[in-house]
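For reference, the chains in residue letters:
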Amino acid sequence: MNLAVQIGKLTLQNPVMVASGTFGYGVEYARLIDLNRLGAVVVKGIRLGPVRGNPPPRTVEVTSGLINAIGLQGPGVDGFIEKYWPFLQGLKVPTIINIWGTTVDEYAEVARRFDALGGVGALELNVSCPNIKEGGSQFGTDCKLLAEVVAACRRATTLPLITKLSPNVVNIAPYARAAEEAGSDALAIMNSYPALAIDLETRRPKLANVTGGLTGPCIKPIALKLVWDAAKAVRIPIIGMGGIQSAADALEFLVVGATAVAVGTANFYEPQTALEVIAGMREFLQRKGIEDVREWTGSLRA
Amino acid sequence: MLGGGVLERTVPILTHERDTGGYFRLAVRAPDITPLVQPGQFAHVRILPLKSALLRRPFSIFQVAGETFSILYKAVGQGTEVLSRMRPGEELNVIAPLGRGFTVPRAGDSRPLLVAGGYGMAALYLLAQRAPEKGIVFVGGRRRQDILCVDEFRALGWEVRITTEDGSLGEPGLVTQPLVEELRRESAGRKLFACGPTGMLRAVGRIAEERGMAAELSMDEHMCCGVGVCLTCVIPVKTSAGWEYQRTCMEGPVFDARQVVWETDP
């Protein structure tokens, strides 16, 4: 059976990756799972310099979900290359680097740096983080800015570009098309949804940042709809994500048009999830008599 | 000290008993985890019957005996409520041992001083057991039901000094009062190890700082992944360049008191 899929010029041995921000820099989970069985490792968002992140509390559990406002804490490009790249470079599966900036130029510069590094699988443009004051979703909720960021990164690198879109738009189709037309090789749908949790006794928000991004099983139906809408609007592959915790969840994303999927929040409570999704996907397709996972993609009877 | 390996295992509950008040003791059989455990490390537990919440819950590893390890916890929220109703024979999924624990004193070191608030005692037990020199453990709580494990520490040959805020057991007042008295007698060269609520840890840190003593504090922070990726459980820690957020689950839960930043500029 074939599980291999193509994201631009990047071949994945299977369509199951992990979502940025839920898997650190790979090395942390290498203690618990065999990373070389994944489709790809996607690392936490990196900008040019180090980022301290938001004050705690940074996450709160809600019904069937999690709200986070980490604030993209990270070591910056140089810190990442020094501390984490030697490990990631040794993996047999591709590393996808999630990048962000506060200006179009910064996105392009980070893209250039990783292009020059050599050995990177792809770049994922984070234009959709809801938890930072500048950068992030300001680029993902304005078609013109989105096109500028993608085009600038396109000029900066020949690496496959994946644009990670915000769910916080009335209609995702124009954003999907803007990214495609500006040279994005693929889309990642979706980032977290802006959300709020409060403590009634103290009348305070549960997060120091007040608001955060909602993820986990409760967002899956929203994410499925967005993937479905985007898949009808573009020809480039889509990586679907949002609440995946089983092979069935992943197969639902594929059937509405995703070429690949990412396991996110589930990593936090069950590190084996991505590997279980791969095994379950194989089993399901076998039972359905489907030889190639690509036949399942976009096969929704609607 | 940083432990060796970490494992994820589905393990059976062997015993599960109510302690005082709302506290429980739970032991699981985990033969390949127990040899790895260092004092002050924790287990990240997925409470399998808990369907309404997603995340694991972290618990200090209390006792290790052969193929079993135990935790001591208080039923305080939906996770621990569901856990408290589980019975021997039922299973939990654990990732353990995790985190950087206490530095076990070496032979010839001065008599260690342990400071615990409530179930903070659990995190200190293995340290007391493995320390070559028996010392004093100061334990405090709001009321007598919050004073746990006293017999176990005494059985190890440790001196236990108890305080309760309502005076229902031991001396009335805060755990830091008898500690300060003891340090007035002698503080040079002695070291503090503490686990308990943040207010208590901060007070212990200040006491150590004022006397130029070393102190290791086990920080109790809200946790999510437990393995270093989500960056939920961070606290501000001093660096050469100022301070940065470090992970309680990886760089901690035990920190050198001198490294902890208690107040940061907004």
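None of these values were measured; they are calculated from a predicted model.

Colleague: Any chance you could explain the interface of chain A and chain B here in plain terms?
Modeller: A common way to report how large an interface is uses the accessible area buried once the components associate. Each partner contributes to the interface: chain A provides 29 residues, whereas chain B provides 27 residues. Buried surface at the junction of chain A and chain B, summed over both partners, amounts to about 2,500 Å²; 58% is from carbon and sulfur atoms. Salt-bridge contacts for B:Arg56 lead to A:Glu270; the nearest nitrogen and oxygen are separated by 3.4 Å. Our count for the chain A to chain B interface comes out at twelve residue pairs in polar contact (both at pLDDT 80 or more). Listing elements by their share of the side of chain A that touches chain B, those giving two or more residues are strand S5 (59-62), strand S6 (65-68) and helix H9 (266-269) of chain A.

Colleague: Could you clarify how one ought to interpret the nonpolar core in this entry?
Modeller: Soluble globular proteins: nonpolar side chains tend toward being buried together. Membership of the largest hydrophobic core comes to 130 residues, with the highest contact counts inside it found for A:Phe80, A:Ile97, A:Phe114 and A:Ile189. Viewed by domain, this core spans two of them, domain 1 (7-98) and domain 2 (113-259) of chain B, each represented by three or more residues. Ignoring anything within four residues of it in the chain, the contact list for A:Phe80 reads A:Tyr25, A:Val43, A:Ile46, A:Pro75, A:Trp85, A:Leu88, A:Ile97 and A:Phe114. Ranked by size, the runner-up nonpolar core spans 28 residues in total, among them B:Leu114, B:Ala116, B:Val160 and B:Phe193.

Colleague: Looking at this structure, I do not really get the sheet that holds strand S4 (residues 57-60) of chain B. What am I missing?
Modeller: Note: strands within a sheet are paired through backbone hydrogen bonds, in either parallel or antiparallel orientation. Residues and elements named next belong to chain B. On the basis of which strands lie adjacent, the open sheet formed by seven strands has the order S4-S3-S7-S1-S2-S6-S5 and antiparallel pairing. In the strand order of this sheet, the two ends are held by S4 and strand S5 (64-65), each with one partner. One ladder, built from seven bridges, connects strand S2 (residues 23-29) with strand S6 (residues 68-74); its direction is antiparallel. Opposite alanine 27, over in S6, you have serine 70 as the bridge partner.

Colleague: Is there a simple way to explain the sheet that holds strand S8 (residues 122-126) of chain A in this structure?
Modeller: Residue and element names in this part refer to chain A. The strand order across the open sheet built from eight strands is S3-S16-S15-S10-S9-S8-S7-S4, with neighbouring strands paired in parallel fashion. If you trace the sheet from one side to the other, it starts and ends with strand S3 (16-18) and strand S4 (41-46), each paired once. Going across the sheet, the axis of each strand differs from the next one's by a mean of 25°, ignoring polarity. Inspection of the sheet shows S4 paired to strand S7 (residues 95-99) by four bridges, in the parallel sense. If you follow isoleucine 46 over to S7, its bridge partner there is isoleucine 99. In the packing of helix H7 (residues 220-233) onto the sheet, the strands contacted are strand S10 (186-189) and strand S15 (238-241), and the crossing angle to S15 comes to about 165°.

Colleague: Whenever I open this one, the layout of surface pockets confuses me. Can you help?
Modeller: Empty space among the atoms becomes apparent when a probe as large as a water molecule is rolled across them. Here the largest pocket is characterised by a volume of approximately 1,400 Å³. Lining the largest pocket are 49 residues, with B:Val76, B:Tyr119, B:Gly196, B:Pro197 and B:Asp220 positioned closest to its centre. Looking at the lining of the largest pocket, the elements with two or more residues in it are S4, S6, helix H1 (78-84), strand S8 (113-117), helix H2 (120-130), strand S9 (136-141) and helix H5 (198-210) of chain B. No other element matches S4(B), which puts four residues into the lining of the largest pocket. Here the residues of the lining of the largest pocket are counted per class, giving 21 nonpolar, 18 polar and ten charged. Mapping the lining of the largest pocket onto the domain boundaries places at least three of its residues in each of domain 1 (7-98) and domain 2 (113-259) of chain B. Taken as a whole, the second largest pocket holds about 490 Å³ of empty space. Surrounding the second largest pocket, 21 residues form its lining, A:Gln73, A:Gly74, A:Pro75, B:Glu244 and B:Tyr245 being those nearest its centre. Breaking the lining of the second largest pocket down by element, the ones donating at least two residues are helix H1 (76-83) of chain A together with strand S15 (242-247) of chain B. Ranked by residue count, the leading element in the lining of the second largest pocket is S15(B), at five residues. Of the residues contributing to the lining of the second largest pocket, the split by class is nine nonpolar, six polar and six charged.

Colleague: Would you mind showing me how to read the pairing of S8(B) here?
Modeller: If a strand is regular, its side chains alternate between the two faces of the sheet. All names here are of chain B. The buried fraction of S8 is high, at five of five residues. Residue alternation in S8 divides its side chains into two sets, Leu113, Val115 and Gly117 and Leu114 and Ala116, and both sets are buried. Taken together, the five bridges between S8 and S9 define a ladder with parallel strand orientation. Within S9, the position partnered with valine 115 by the bridge is phenylalanine 138. After leaving S8, the chain enters H2 and then returns to the sheet as S9, a path that is right-handed. Bridge count between S8 and strand S12 (residues 191-195): four bridges; the pairing is parallel. Note that in S12 the partner of leucine 114 across the bridge is phenylalanine 193.

Reading the values: rules and limits
Residues numbered from 1 in each chain as written. Chains lettered and ligands numbered in written order. Predicted model: local features only at pLDDT ≥ 70, side-chain atom pairs only at ≥ 80, totals over all residues. Heavy atoms only, no water. Contact = heavy atoms within 4.5 Å. Buried area = accessible area lost by both parts, 1.4 Å probe. Salt bridge = Lys/Arg side-chain N within 4 Å of Asp/Glu carboxyl O. Polar contact = N/O pair within 3.5 Å; in protein donor to acceptor, adjacent residues only side chain to side chain. Helix = DSSP H or I, 4+ residues; strand = E, 2+ residues; numbered from the N terminus. Core = buried A, V, L, I, M, F, W, Y, C linked by side-chain atoms within 4.5 Å. Buried < 20%, exposed > 50% of the residue type's maximum accessible area, 1.4 Å probe, protein only. Domains from an automatic or database assignment. Pairing = 2+ DSSP bridges. Axes fitted to C-alpha atoms, helices over the stretch in contact; angles between N-to-C directions. 1 Å grid on protein atoms, 1.4 Å probe; cavity = no way out; pocket = protein on both sides within 12 Å on 5 of 7 lines; lining within 4 Å. Points joined across faces, edges and corners; volume = space filled by probe spheres on them. Nonpolar A, V, L, I, M, F, W, Y, C, P; charged D, E, K, R; others polar. Right-handed = clockwise from strand over helix to strand, strands pointing away.

Shape descriptors only; they carry no functional weight alone.
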